[in-house]
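Chain by chain, the residues:
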Amino acid sequence: KMNQVLVMGVLASDLQLLCALFGHQGAASKWFCLFCLLQQSQSKDEFAGNAQEPTQRTLESIIADAQQYEEHVNNATEQEKAKSTFKSDVTQNCSHSITDKPLLDIPLDCITYASMHVVLGLTKWLVDLTIAGYKEIEKKAAVTDEGKRQVVFGETIELALKKARRYKVFLTEQLKDTEAVVTSQHIIAAKITALTEEWEEVRELNDQHFSPDANSELSQRELQIAELCQRELQIEEELEALRQQLSSESEAGTGDSSDIDHVKMILEQICITNESIRELEEYFNNHGSHSARVIDKVLKRNGVDQATYFKGAIVGNHCMTFAQKGNQIYSGILEELEPIIENASLKSELRDFTERMKAIVAVWYKVQRVIKSTEKQSIESINQFEENTNQLRILINKICKDDVPISGWKPRLTRSLKAHLLFGGHLLRQLRVWGTLGGIDEQNIESAHAIWNKLLRQFGATRGKELQMKVLSDYLFQTASFMHNGIAHVKKEMKRNLKSSAATRRTAPRREDGDDTIVEEEQCAGVTISDLASIINAEVALHPELYLTEEDQESSGAQPTKVSKEDTMIHMCTERNCEKLRLKLALDIHRYESHQILPVVGDSNAGPES
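Bear in mind the structure is a predicted one, so any value in this text is a computation, not a measurement. Within any chain, residue numbers begin from 1 and follow the written order of that chain's sequence. Given that this is a predicted model, residues contribute local features only at a pLDDT of at least 70 and side-chain atom pairs are listed and counted only at 80 or more, while totals for whole chains, interfaces and linings are drawn from all residues. Water and hydrogen atoms were dropped before computing side-chain values, which therefore reflect all heavy atoms in the structure.

Trainee: What exactly am I supposed to notice about the packing of helix 3 (residues 59–75) against helix 5 (residues 86–93) here?
Mentor: A pair of packed helices is captured by two measures, namely the crossing angle of their axes and the spacing between those axes. Lines are fitted to the C-alpha atoms to define the axes, a helix being fitted only along its stretch in contact, and any angle between axes, read from their N-to-C directions, falls within 0 to 180 degrees. Helix and strand definitions here come from DSSP, where helices need a minimum of 4 consecutive H or I residues and strands a minimum of 2 consecutive E residues; each element is numbered from the N-terminal end. In contact at an axis separation of 10 Å, helix 3 and helix 5 are set at 145° when each is read in the N-to-C sense. Where helix 3 crosses over helix 5, the handedness of that crossing is right-handed. Between helix 3 and helix 5, the contacting residues are Tyr-69, His-72 and Val-73 on the first element and Phe-86, Lys-87, Val-90 and Thr-91 on the second. Amino acid classes used here: Ala, Val, Leu, Ile, Met, Phe, Trp, Tyr, Cys and Pro are nonpolar; Asp, Glu, Lys and Arg are charged; the rest, including Gly, are polar. Partitioned by chemical class, the residues of the contact of helix 3 with helix 5 number four nonpolar, two polar and one charged. For a crossing to be left-handed, the near helix must be turned anticlockwise from the far one by less than a right angle; the clockwise case is right-handed. Note on definitions: a residue-residue contact is assigned when non-hydrogen atoms from the two residues lie within 4.5 Å.

Here it is as structure tokens:
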């Protein structure tokens, strides 16, 4: 019988598990590195190249720190232990963030430094830096540019939203005033009607008293006649006063249009304004930034799926693709963003930032090739890796600190443990010891790590050994080859069935935008949409010049912003048979967000049919 003995090997795992196995508090602690005595606050000095060489940890030093922690905890008084900062004081000042003895008797040189997670972490930070830089330029362009291409900026949507809300306040006040006038006129009209009826009754009685058939004494008849004549004159005076009051209130009301029609128009305008506000709020809440959407689109176009990369199962190949196609990606982003930036100074900053990021990603690609390579590297290749790492460090420090390409922008250097493992020389030391990084990294167990965590959440209500058995059973079932072969067979059969049934599908006329809804011209109280827009736009009283107050702009000392007459005009969107009515201040935003149509600079869109 032959016994198998491990002569040489490397423990491969992610950083979280390594810290747990060796009694370390993790990457969020003060002494955040498992492999050296460097404080997290000192890690940013590594980019400037002036950081002191930290003391390297060993298995023996970790055991000694664990003993220090145990001694301080055991020798402390109950009063000292009652302090909320007791354990943190011990780990920060005595045990270098070590709280337990290592569970494994393995030298630190035989542990992988999680090079795959270094690639993932630094790539994510570079993408975040890219988004932050372009967003800063976009933010400045939204303030300085004056062309209609501002429609793509979130700040433009926010300003349009504030204007629409201010206009709604005006319409609501107008509606209250008009309703008050109408109510007052109705009351006066009712009084006139009642007095007229009374006047007619008095006249009829007067006629009866003057008739020859009346049988009454002369004195009594004269008295009644005098009273009726006096009441008739009084009613005529009251009617005249009410007619004058009604005439004056009508002149102070809506002018040429009737009050009822004016109320209807205000209500229609409020409905259209509310719909514009609702749509603007939806666009603004989902906007983020235009540059972020452009970056995501360009990344996907070049084979880098950011959604999968950051939110789902992490695929390391996306990191390599991002670095390999860096020149194409950043050229594509520049091609998308440059046309919407009109300010010459901002255009220069946009190009400078793009070229600087191209240079960083190009060097990062060279570094990644060595990190991910499973082959043994030569001395020349290792020396070149050291040179490229230093060059990458210098370029990152330059764009973030020494020579920022965007004026007023203050990007932050990453202080992550993953960046420290690369720029602090840990990966270089492991490369010199083992001759390879990709050959001993944690890539082979990472997929199992993600699946295992998902199954743990799925069986979250189960505990103990039963949980372990269920998770292990499901893991083996999901990773079995016969399961993958069966799924592939089902997909193949489904594709075949879909192709055979495609010819039998019904064909029906569709709208240009693909919507099957039957398009009918909407009516509003017997008036078509286009006529309604023209009627309301012609009502001068509904389109005053307004100004945003400091309260509206949510900023003290802000310059007053004008809401012009043109902003409140109604326009119909005719793109792809949309036919939605929007305020002019929201029309360009609607056309871009809903139909991806960028307005042409200088296009006035003056008419209601535009």
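Trainee: Help me understand the side chain of Thr-389, please; the structure alone is not making it clear to me.
Mentor: When you line up the elements, Thr-389 lands in helix 15 (residues 379–402). Apart from residues lying up to four places away in sequence, Thr-389 is in contact with Val-367, Leu-422 and Phe-423.

Trainee: Whenever I open this one, the state of the cysteines confuses me. Can you help?
Mentor: Each disulfide consists of a covalent bond between the sulfur atoms of two cysteine residues. Pairs of cysteine sulfur atoms within 2.5 Å are identified as disulfides in what follows. Counting across every chain of the model gives zero disulfides. With no disulfide of its own, Cys-19 has Cys-33 as its nearest cysteine by sulfur position, at a separation of 8.6 Å. Judged by its relative accessible area of 7%, Cys-19 falls in the buried class. No disulfide involves Cys-33; its sulfur sits 3.6 Å from that of Cys-36, the nearest cysteine. On the basis of relative accessibility, which here comes to 0%, the residue Cys-33 falls in the buried class. Buried, partly exposed and exposed residues are distinguished by accessible area as a fraction of the type maximum, computed with a 1.4 Å probe on protein chains only: under 20%, between the cut-offs, and over 50%, respectively.

Trainee: Please clarify how the packing of helix 10 (residues 290–301) against helix 13 (residues 326–337) should be interpreted in this entry.
Mentor: In contact at an axis separation of 9 Å, helix 10 and helix 13 are set at 140° when each is read in the N-to-C sense. With respect to their mutual orientation, helix 10 and helix 13 come out oblique. Crossing handedness for the pair helix 10 and helix 13: right-handed. Residue-level contacts link His-290, Ser-291, Val-294, Ile-295, Lys-297, Val-298, Leu-299 and Arg-301 of helix 10 to Ile-329, Gly-332, Ile-333, Glu-336 and Leu-337 of helix 13. When grouped by side-chain class, the residues that make up the contact of helix 10 with helix 13 number seven nonpolar, three polar and three charged. Here the angle decides the label: under 35 degrees means roughly parallel, over 145 means roughly antiparallel, 65 to 115 means roughly perpendicular, and every other value means oblique.

Trainee: Can you help me understand the packing of aromatic side chains in this one?
Mentor: Two aromatic rings from Phe, Tyr or Trp, using only the six-membered ring of Trp, form a pair when their centres are within 6.5 Å; if the ring planes differ by under 30 degrees the pair is stacked, by over 60 it is edge-to-face, and anything between is tilted. With the rule as written, the count across this model stands at six aromatic pairs. On the basis of an interplanar angle of 55° and a centroid distance of 5.1 Å, the ring pair of Phe-47 and Phe-423 is categorised as tilted. On the criterion of sequence distance, the pair formed by Phe-47 in helix 2 (residues 45–48) and Phe-423 in helix 16 (residues 417–423) is long-range, its members being 376 residues apart. Both residues of the pair, Phe-47 and Phe-423, belong to the buried class. Taking the centre distance of 5.0 Å and the plane angle of 90° together, the rings of Tyr-134 and Phe-353 count as edge-to-face. Separated by 219 residues along the polypeptide, Tyr-134 in helix 6 (residues 115–144) and Phe-353 in helix 14 (residues 344–372) bring together distant segments of the chain. Residue Phe-353 is classed as buried on the basis of its relative accessible area of 0%.

Trainee: Just checking my understanding: could you explain unusual backbone geometry for this structure?
Mentor: Trans is the prevailing form of peptide bonds, just as negative phi is the prevailing case for residues other than glycine. One non-glycine residue, Ser-97, lies in positive phi territory at about 65°. Relative to the helices and strands, Ser-97 resides in the loop between helix 5 and helix 6. Given a relative accessible area of 1%, Ser-97 falls into the buried group. One non-glycine residue, Ala-114, lies in positive phi territory at about 55°. By the secondary structure assignment, Ala-114 is in the loop between helix 5 and helix 6. Ala-114 sits in the buried class, given a relative accessible area of 0%.

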